[in-house]
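Listed here are the chains, written in short residue letters.
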Amino acid sequence: MMTADGTTAERVELAIGGMTCASCAARVERKLNKVGGVTATVNYATEKAQVSYPSELSVADLTAVVEAAGYSARLPEPEAPDEAPTLRKRLLLSAALTVPLVALAMVPAWQFDYWQWVSLVLAAPVVTWGAWPFHRAAAVNLRHATATMDTLISLGVVAATAWSLYALLFGMAGEIGMRHGFELISSGTAGDSLYFEVAAAVTTFILAGRYFETRAKRRAGAALRALMDLGAKDVTVLRDGEERLVPVTDLHPGDVFVARPGEKIATDGVVTDGGSAVDTSMLTGESVPVEVGPGDAVTGATVNVGGRLLVRATRVGADTRLAQMARLVEAAQNGKAEVQRLADRVSAVFVPAVVFLALATLVVWLATGGATEAAFTAAVAVLIIACPCALGLATPTALLVGTGRGAQLGILIKGPEVLESTRRIDTVVLDKTGTVTTGRMTLVEGDGEVLRLAGAVEAASEHPIGRAIADAARERFGALPAVTEFRSTPGVGVTGVVEGRTVSVGRAKGAAVGVTWDGEVRGTLTVADTIKPTSARAVAELRELGLTPVLLTGDDEGVARAIAAEAGIDEVVAEVLPEGKVDVVKRLQAQGHVVAMVGDGVNDAAALAQADLGLAMGTGTDAAIEASDLTLVRGDLRVAADAIRLARRTLTTIKGNLFWAFAYNVAALPLAALGLLNPMIAGAAMACSSAFVVSNSLRLRRFR
C-alpha cells in the first residue's frame, strides 16, 4: 500500500484492551494519529484499531504508543476472551448487597438502631471491589492527565462514600436512633445525609449496564463469528489415486477433493465429475438448492445435498469467497460513519466539561447560600448523569448488528460511509447481462427440421449462440446427427454437412439466426439472453424505494427495449461500449442525479467505482466486487432492493440512537445541576440510556 506522498505503508489490526467508553477510544485514536505517518480508527464496540503506518515503524512501536496512553494493544486472537462471566460475578455480589442497603435507606420504618453502620458494612464491598474497574481506569486516566466516563463514575462513587463516612464518623449521622427518608427527586434541603445507597446503587446499575452491553456486543458480532465458522474443518483429497482425509488447511489450488452428500464443500472450486444440488443458503440466503455438474463453480462452506462430487480447488484459505465475505463484514464493522465521528469529537471534550460543570454546580450552590448536602447531591448527580457511554455505543452497535444481519442475508456492506450514500440515491443504473438477465443465451423461437439441422452443426461450435441452439435441439430431439466438413467463419457463422445436406447457420437481423441448406433459406431461429424470473419484481421494489431504474447495455436498441419492457424499465441506454458505461454514469450525475450502479462484470468495475453507490452481484467477477460499495452474494436483483433498504434502516437506527443519547444528556444535566435528580436515579437512568441504544440496535436482527 502506498501513502499520498509515495512512501510504503503497512496495515495492521490491533485488539485494544482497557477501553470502557467512547472517550477511551477517542483518546487511543488521537494518540495513534499524532505519530507521523499513522492513520488510525479505533472502534469501541469491537475493541479494535485499524492502523495504517509507515514501513519504518513496527507493530511494537504502535503498541508502545497505546500502552503509554494507559491501554493495552496486541494482535487479535482467533477468539477474544469473554468478559461477561467476570462482570456477572461482580454484578451479582454487588446487587445482593445493594438491594438490602437501598431498602434500609428508603424505608424509615425498617431503620433499626445502628442501621447506618450496617449500611457501611453492606456498601464497603460494593464501592471497593464492585466498583474496582472504574477506580482502576480512573487512576490510569489520572496518571495520563485525562478523563473518561470511568472518571465520572469513580468520582461520583468516591465522593458519595467519602461524604457518608464523614457524616457517619464526624457528623450526626452516626448517632444511635438516627433516621432519614429517601427522595426520588431531591428537595435541595439539608439533613443528616448518608449516601452509601447512592454509591452502591450507582455502581450496581452501571455494572448491570456494562454486563448487558458486553453481552449485546457479542450477540451483535455473532453473525460474523458464525460466518467465519461456516467452513469445513477436514476434507477428503484425491492424491495418487487414493482418498485421504486431511485438514482443510492442507488443501492447495489444483487439488481434487471429494464432496459427499451432506458434507460441506471444503473450498471454492470447479466440479470435475458428478452432479448434485448444492445448498447455498448459509452464504447467500437463497433457500432453493442450486443444481451443479461438471464445469460449474461451487463455493466453499456450501452444503452438497445430492450426489457425490469431485471438485478441483481453485481458491483456498484467505482467498476464498467465504474469507473475502468475512473480511468485508469485519472491515465495515470496524469503520466509522461520519455521524459517529461527530459523536467521538463530542465525547472527547464532554468528560472534562462535565467535571468542570460538577465543580461549578457545587460552587454556585454554596455561593448562593444552598445547603452543603444539597450542593453535594447536585454535583454528584451531574457527574453520574452525564456519562456519555450511550454516545459511544450509538453507531458501533447498529453497525455490528446491521452488517452482521446483512451477511446472513447475502448482503455485504463495505463500510459505514456507504450507509449515507444509500439515503441520497435517486437513480439506479442496471447492467443488463447477468444482472437483469441470466447472462446465458437461450432459444426463444424456432423448431422443427430447421432447429434439428442447425443444432447438429452448432454442436461443433463453441459460440454462446451456437451452444444455445445445440442445447435446445438436444432437449427436443435427443441425439443429433453427426456433422462433417465443419467450418466456422468469425462474424459470419458456421457451415457443415449433415445427412448429406450442406447447412449454414449465420447471424441475421437483430437476435435472429438464419438457417440455409442446399442454397435456400429454410427459416430463422431467435436466440436471446432471457430475463431472470425475479427481475421484474426487483425493479418494482426499487421503484417503491423512490429510485428510477435505467437499463444499460451494449446490445442493440431493439433487444434492449424488449428486455426493458419485460422488466418494467422505461429508460434504456443501449449500444454502449464497455468503456462508455462510465460516461453514462457521469452524464446522469452531471444532470443532478445521485446514481447507484448494479453490475457483475469486469467491464462494469469502472462504472461501479464512479457511481455514488456501487452494487456488485457476487456471482460476478472479483474486479466488479472490489470496485463496489455493496456486494450481493447471490445473483438475484431483488437483493439490491433489500441491501438499500437494510443500509437505510441501519443509518436510521444510528441517527435515532445518537438523537436519544444526546437528548438524554441535554435534558438530564439541567435537572441534576438544579438539584432535582437523586444521584441513584441518575445512575439508573444512565444505565437505561445505554440499554436503550443497544436494544434499539438489536432490532436490526429482525430485518427481513
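Residues numbered from 1 in each chain as written. Predicted model: local features only at pLDDT ≥ 70, side-chain atom pairs only at ≥ 80, totals over all residues. Heavy atoms only, no water.

Threshold: UniProt positions are given in the numbering used here, feature names are shortened, and annotations may be inferred rather than shown by experiment.
An unreviewed UniProt entry annotates the chain as Cation-transporting P-type ATPase B originating from Amycolatopsis eburnea. The record held by UniProt for the chain lists under Sequence similarities (unreviewed entry) the comment "Belongs to the cation transport ATPase (P-type) (TC 3.A.3) family. Type IB subfamily." For the record of the chain, the UniProt heading Subcellular location (unreviewed entry) holds the text "Cell membrane".

### Topic: the overall build of the chain
To keep things clear, this is the line we draw: A run of H or I in DSSP counts as a helix once it spans at least four residues, and a run of E counts as a strand once it spans at least two, with each numbered from the N terminus. Residue exposure (1.4 Å probe, protein chains only): buried if accessible area is under 20% of the type maximum, exposed if over 50%, otherwise partly exposed. Contacts are residue-level and defined by heavy atoms, with any inter-residue pair within 4.5 Å sufficient. Residue exposure ignores everything except the shown protein chains as possible cover, and the areas themselves are Shrake-Rupley values with a 1.4 Å probe.
Tallying secondary structure elements over the chain gives 24 helices and 26 strands in all. Residues classed as buried in the chain amount to 53% of the 704 residues present. For the chain, restricting intrachain contacts to residue pairs at least 6 apart in sequence, the fraction spanning at least 24 positions comes to 68%. For the chain, the computed accessible surface area is about 30000 Å², with 59% contributed by carbon and sulfur atoms.

### Topic: the sheet that holds strand β10 (residues 290–292)
We apply this condition: The pairing criterion for strands is at least two bridges between them, as found by DSSP.
Spatial strand order, β10-β9-β12: three strands in an open sheet with antiparallel pairing. Every other strand in the sheet has two partners, leaving β10 and β12 (303–304) as the edge strands with one partner each. When strand β9 (residues 276–279) meets β10, the two strands line up antiparallel, connected through three bridges. Bridge assignment links Ser276 to a residue of β10, and that residue is Val292.

### Quick look at the sheet that holds strand β26 (residues 630–632)
Test applied: Note on method: axes are straight lines fitted to C-alpha atoms, helices fitted across the in-contact stretch only, with angles between N-to-C directions ranging 0 to 180 degrees.
The sheet built from seven strands is open, its strands ordered β14-β26-β25-β24-β15-β22-β23 with mixed pairing. Of all strands in the sheet, those bounded by a partner on one side alone are β14 (411–413) and β23 (571–573). When strand polarity is set aside, the average angle formed by the axes of neighbouring strands in this sheet is 20°. Alignment of strand β25 (residues 613–617) against β26, held across three bridges, turns out to be parallel. The partner of Ala616 across the bridge, within β26, is Thr631. On the sheet, helix α20 (residues 581–590) packs against β15 (427–431), β22 (548–552), β23 and β24 (595–599) and is oriented at approximately 160° with respect to β24.

### Here we look at the packing of helix α5 (residues 132–143) against helix α6 (residues 149–170)
The line we're drawing: Here is the rule for handedness: rotate from the far helix to the near one, and if that takes an anticlockwise turn smaller than a right angle the crossing is left-handed, while a clockwise turn gives right-handed. Residue classes follow a fixed rule: Ala, Val, Leu, Ile, Met, Phe, Trp, Tyr, Cys and Pro count as nonpolar, while Asp, Glu, Lys and Arg count as charged, and any other residue, Gly among them, counts as polar.
Put simply, α5 and α6 touch, their axes get as near as 8 Å, and they point 115° apart. Here α5 and α6 pass one another in a crossing that is left-handed. Side by side, α5 and α6 meet where Phe134, His135, Ala137, Ala138 and Asn141 of the first sit next to Asp150, Thr151, Ile153, Ser154, Val157 and Val158 of the second. Across the contact of α5 with α6, the residue classes tally to six nonpolar, four polar and one charged.

### Thoughts on the packing of α6 against helix α12 (residues 372–385)
We apply this condition: Convention used here: angles under 35 degrees read as roughly parallel, angles over 145 as roughly antiparallel, angles from 65 to 115 as roughly perpendicular, and any remaining angle as oblique.
Across the interface, α6 lies against α12 with an axial gap of 8 Å and an inter-helix angle of 155°. Accordingly, the angle class assigned to the pair α6 and α12 is roughly antiparallel. Considering the relative orientation of α6 and α12, their crossing is left-handed. Facing Leu152, Leu155, Gly156, Ala159, Ala160 and Trp163 of α6, the residues of α12 in contact are Thr372, Glu373, Phe376, Val380, Leu383 and Ile384. When its residues are assigned to classes, the contact of α6 with α12 shows nine nonpolar, two polar and one charged.

### Remarks on helix α16 (residues 448–458)
Counting buried positions over the 11 residues of α16 gives nine, a clear majority of the element. Buried within α16 are the following residues: Val450, Leu451, Arg452, Leu453, Ala454, Gly455, Ala456, Val457 and Glu458.

### Brief notes about the pattern of salt bridges
Pairs can form between side chains of opposite charge once their charged atoms are near each other. Selection criterion: Whenever a carboxyl oxygen of Asp or Glu lies within 4 Å of a side-chain nitrogen of Lys or Arg, that contact is scored as a salt bridge.
A complete count under the given rule lists 20 salt bridges for this structure. The partner of Glu263 in a salt bridge is Arg260, and the shortest N-O contact between them spans 3.7 Å. Residue Glu499 pairs with Arg452 through a salt bridge whose shortest N-O separation is 2.8 Å. With Glu499 in the loop between β18 (493–498) and β19 (501–507) and Arg452 in helix α16, the pair connects residues that are 47 residues apart, well separated along the chain. Look at the salt bridges and you will find they share partners, linking Glu243, Arg260, Glu263 and Arg308 into a network.

### Considerations on the environment of Leu588
Topologically, Leu588 is positioned in helix α20. Relative accessible area serves as the criterion here: at 12%, Leu588 is assigned to the buried category. Residues Leu588 and Val429, 159 residues apart in the sequence, show an inter-C-alpha distance of 9.5 Å. When near neighbours in sequence (up to four residues on either side) are disregarded, Leu588 contacts Thr427, Val429, His593 and Val595.

### Things to note about the UniProt feature "transmembrane region" (unreviewed entry) in the chain
UniProt annotation of "transmembrane region" (unreviewed entry) refers to residues 91–108, 114–132, 152–173, 193–212, 346–368, 374–401, 658–674 and 680–698 when read in the numbering used here. Between the C-alpha atoms that bound residues 152–173 there is a distance of 26 Å. The span itself is 86% helix and 0% strand. Regarding residues 658–674, the helix share stands at 94% and the strand share at 0%, and the terminal C-alpha atoms are separated by 25 Å.

### Topic: a nonpolar patch on the surface
The condition is simple: Like-charged residues are merged into a patch within 9 Å and nonpolar side chains (Val, Leu, Ile, Met, Phe, Trp, Tyr) within 5 Å, provided each residue has over 30% relative accessible area and no salt bridge.
On the surface, Tyr114, Trp117, Tyr166, Leu169, Phe170 and Ile176 cluster together to form a nonpolar patch covering roughly 700 Å² of accessible area. Of all the elements, α6 adds the most residues to the nonpolar patch, at three residues. Structurally, the position occupied by Leu169 is in helix α6. For Leu169, a relative accessible area of 51% gives the class exposed.

### Remarks on the pairing of strand β21 (residues 520–531)
Relative to β21, strand β16 (residues 437–445) runs antiparallel, the two being bridged by five bridges. By the bridge assignment for β21, Glu445 is matched with Thr526. As defined by bridge partners, strand β20 (residues 512–517) adjoins β21 across six bridges and the pair is classed as antiparallel. In the strand pairing of β21, Gly514 is matched with Thr524.

### Focus on unusual backbone geometry
We note that Glu485 has phi near 55°; this positive angle belongs to a residue other than glycine. When you line up the elements, Glu485 lands in strand β17 (residues 483–489). In this structure Glu485 comes out as exposed when scored by relative accessible area, which is 59%. Residues other than glycine seldom take positive phi values, yet Glu575 does so here, at roughly 55°. With respect to the helices, strands and loops of the structure, Glu575 is situated in the loop between β23 and α20.

### Notes on the nonpolar core
Nonpolar side chains tend toward joint burial in soluble globular proteins. The cut-off we apply is this: Remark: nonpolar core denotes a set of buried residues (Ala, Val, Leu, Ile, Met, Phe, Trp, Tyr, Cys) joined through side-chain atoms within 4.5 Å. Where a domain begins and ends is set by an automatic assignment or by a domain database.
Formed by 50 residues in total, the largest nonpolar core has its most connected members in Leu430, Val436, Leu613, Leu615, Leu630 and Ile644. Tallying contributions element by element places helix α23 (residues 638–673) first for this core, with 10 residues. Both domains that furnish three or more residues to this core are identified here as domain 4 (335–406 + 646–703) and domain 5 (407–438 + 532–645). If sequence neighbours within four positions are ignored, Leu430 has contacts with Val436, Val539, Leu542, Pro549, Val550, Leu551, Leu552, Ile569, Val598 and Leu637. By size, the runner-up hydrophobic cluster in this structure holds 22 residues, among which are Leu87, Ala131, Ala160 and Trp163.

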